[in-house]
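Residue strings, one per chain:
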Amino acid sequence: MPVLGNFGTTVLYAKALHRSGNKSEALKYYKQAYAKQKSGNLAYNIGLILAEKTNSGNNGSSEAIQYLLEASFLSEANSKKAMELAQGLYFNHEVQGYNEKIKELEAKNKILADLTSRFNKKFGEKNEEDLSDAEKAEMEKMLDRIETEQEAVAAIQAQQQSALEKFQALVEKTRERLGIK
């Protein structure tokens, strides 16, 4: 890899390589330029190339996330897109089963809404004293099932909250690394 003399030349060379489809080489020069001078556009380009290389079996997403987070703070033009890409990579590649947990949460909430609706239709207007022993037993079973589903929902929400807090910690570390308050 030739070492180019100055920042501007290195950036132009990296952009030319990138446009010509030679992303691996472009990445080397973008990183070389970024090491000389931090720039939001460079961080964004590096993050994009690294993100493209990331797949479901590849743990290389953390480096892409790092550059995209830096781009979100350093590039006004790409700030929102960079943050969205970083979030997408984080929750799709760094957090095991995050999307499946969202689907599971939706399913659990649907079950919970259905159980609650059935309970309210069957027992909502009745006093417990007016129920037969069989109805009381059925009511207890339904309440137990509702409680079980509520606990499952709470557990999934706690896992999601933990993942969100870890992502937010990455954002804060990026701020600190860049000296942004």
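The preceding data block contains the structure.
Worth saying up front: this structure is predicted, and the values here are computed from it rather than measured.

Chemist: Describe the overall build of the protein chain, listing the residues and the values that go with them.
Modeler: For the protein chain, the count of helices and strands is seven helices and zero strands. Secondary structure elements in the protein chain, listed N-terminal to C-terminal, are α-α-α-α-α-α-α. The globule rule puts the C-alpha radius of gyration for 181 residues at 16 Å, and the 26 Å found for the protein chain is more than 25% above it. With respect to the principal axes defined by its C-alpha atoms, the protein chain has extents near 90 × 35 × 25 Å. Across the 181 residues that make up the protein chain, the buried fraction comes to 33%. Look at the contacts in the protein chain between residues 6 or more apart in sequence, and 63% of them connect residues 24 or more apart.

Chemist: Break down the packing of aromatic side chains for me, with residues and values.
Modeler: If you walk through the whole model with that rule in mind, you get seven aromatic pairs. On the basis of an interplanar angle of 65 degrees and a centroid distance of 5.5 Å, the ring pair of Y34 and Y67 is categorised as edge-to-face. Residue Y34 is located in helix α2 (residues 23–36), and its partner Y67 is located in helix α4 (residues 61–74); the two are separated by 33 residues in the primary sequence. The buried category is assigned to Y67, whose relative accessible area is 12%. Both rings, one in Y90 and one in F167, keep their centres 5.2 Å apart while their planes meet at 50 degrees; by these two values the pair is tilted. Here Y90 is found in helix α5 (residues 79–94), whereas its partner F167 is found in helix α7 (residues 133–178), with 77 residues between them in sequence.

Chemist: Give me the lowdown on the pattern of salt bridges, citing residues and values where you can.
Modeler: For side chains of opposite charge, pairing can occur when their charged atoms come near one another. Tallying each qualifying case throughout the model produces ten salt bridges. The salt bridge partner of E138 is K122, with a shortest N-O separation of 3.1 Å. On the criterion of sequence distance, the pair formed by E138 in helix α7 and K122 in helix α6 (residues 98–123) is long-range, its members being 16 residues apart. K126 is the partner of E135 in a salt bridge, and the nearest nitrogen-oxygen pair spans 3.6 Å. Taking the relative accessible area as the measure of exposure, E135 reaches 23% and is therefore partly exposed. A relative accessible area of 41% means that K126 is categorised as partly exposed.

Chemist: Please give an account of the side chain of N45 that cites residues and values.
Modeler: By the element assignment, N45 lies in helix α3 (residues 40–53). In this structure, N45 is in contact with H18 and Y30, ignoring residues within four places of it in sequence.

Chemist: Hey, could you go over the nonpolar core for me, with residue numbers and the actual values?
Modeler: Ranked by size, the top nonpolar core spans 32 residues in total, and within it Y30, I46, F91 and F167 carry the most contacts. Sorting the residues of this core by element identifies α1 (7–19), α2, α3, α4, α5 and α7 as the ones contributing at least two each. If one sorts the elements of this core by residue count, α3 sits on top with seven residues.

Chemist: Can you break down a negative patch on the surface residue by residue, with the values?
Modeler: On the surface, a cluster of negative charge is made up of E128, E129, D130, E140, D144, E147 and E151. Position of D144 relative to the elements: it lies in helix α7.

Scoring rules and cut-offs
- Residues numbered from 1 in each chain as written.
- Predicted model: local features only at pLDDT ≥ 70, side-chain atom pairs only at ≥ 80, totals over all residues.
- Heavy atoms only, no water.
- Helix = DSSP H or I, 4+ residues; strand = E, 2+ residues; numbered from the N terminus.
- Rg over C-alpha atoms; globule rule 2.2 N^0.38 Å.
- Buried < 20%, exposed > 50% of the residue type's maximum accessible area, 1.4 Å probe, protein only.
- Contact = heavy atoms within 4.5 Å.
- Phe/Tyr/Trp six-rings, centres within 6.5 Å; stacked < 30°, edge-to-face > 60°.
- Salt bridge = Lys/Arg side-chain N within 4 Å of Asp/Glu carboxyl O.
- Core = buried A, V, L, I, M, F, W, Y, C linked by side-chain atoms within 4.5 Å.
- Patch = residues over 30% accessible without salt bridge, like charges linked within 9 Å, V, L, I, M, F, W, Y side chains within 5 Å.
- Areas by Shrake-Rupley, 256 points an atom, 1.4 Å probe, with all protein chains shown as cover.
- Lys, Arg positive; Asp, Glu negative; His and termini not counted.
- Charge placed at Lys NZ, Arg CZ, Asp CG, Glu CD.

Taken by themselves, the reported measurements are silent on function.
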